[in-house]
Amino acid sequence: MEDQEMQLKVRRVTDKFTESMYVLANEPSVALYRLQEHVRRSLPELVQHKTDMQSWEEQSQGAIYTVEYACSAVKSMTNSSMYFKNIDSLLRQAISMKEQISNSQGRSLHDVNPSPSPLVSAPHAPSTSS
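What counts, and where the lines are drawn
Residues numbered from 1 in each chain as written. Predicted model: local features only at pLDDT ≥ 70, side-chain atom pairs only at ≥ 80, totals over all residues. Heavy atoms only, no water. Helix = DSSP H or I, 4+ residues; strand = E, 2+ residues; numbered from the N terminus. Areas by Shrake-Rupley, 256 points an atom, 1.4 Å probe, with all protein chains shown as cover. Salt bridge = Lys/Arg side-chain N within 4 Å of Asp/Glu carboxyl O. Patch = residues over 30% accessible without salt bridge, like charges linked within 9 Å, V, L, I, M, F, W, Y side chains within 5 Å. Buried < 20%, exposed > 50% of the residue type's maximum accessible area, 1.4 Å probe, protein only. pLDDT = per-residue confidence, 0-100.

### A short note on the overall build of the protein
- If you tally the helices and strands in the protein, you get three helices and zero strands.
- Counting every atom, the protein has about 12900 Å² of accessible surface; 62% of that belongs to carbon and sulfur.

Encoded structure:
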């Protein structure tokens, strides 16, 4: 009988000891220490990832701005085709007017200063005196 009592007491002692070890191993301060270790080990890598992501974001924003600017430039170029047509029409009109002016000046100079011929005398206009 003593053996059974002794075994029962030993079993109770070992159960209490195991429970005490379990409580000590899972005490909040131990958990916080393990958490602190984890953060200390993983934080530098997380900081590096954050700086990489910020750099990629800046590069992406720059590329997005460039693409948007190029798109707006292309849109404004397509919208400006009517202005170019208007300019083309005005230039054609200006060239036509220039040619007309040149032709009329050429004719008036030719009419005003005909090349005098030494054999033919210029006719005199009749005088209008009353």
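And the narrative resumes.
### So, the pattern of salt bridges
- Scanning all chains against the criterion turns up one salt bridge.
- For R92, the salt bridge is made with D88, and the minimal N-O distance between the two is 3.2 Å. Placement of both R92 and D88 in helix 3 (residues 81-112) is noted, with a separation of four residues, approximately one turn of the helix.

### Details of a nonpolar patch on the surface
- Among the surface-exposed residues, L32, L35, V39, L43, L46 and V47 lie close enough to one another that they form a single nonpolar patch of about 560 Å² accessible area.
- Classification of L46 as exposed rests on a relative accessible area of 52%.

### Looking at the confidence of the model for the protein
- Scored by pLDDT, the protein comes out at a mean of 84, with 82% of its residues at no less than 70.
- Ranking the elements of the protein by mean pLDDT puts helix 3 last with 87 and helix 2 (residues 28-79) first with 91.

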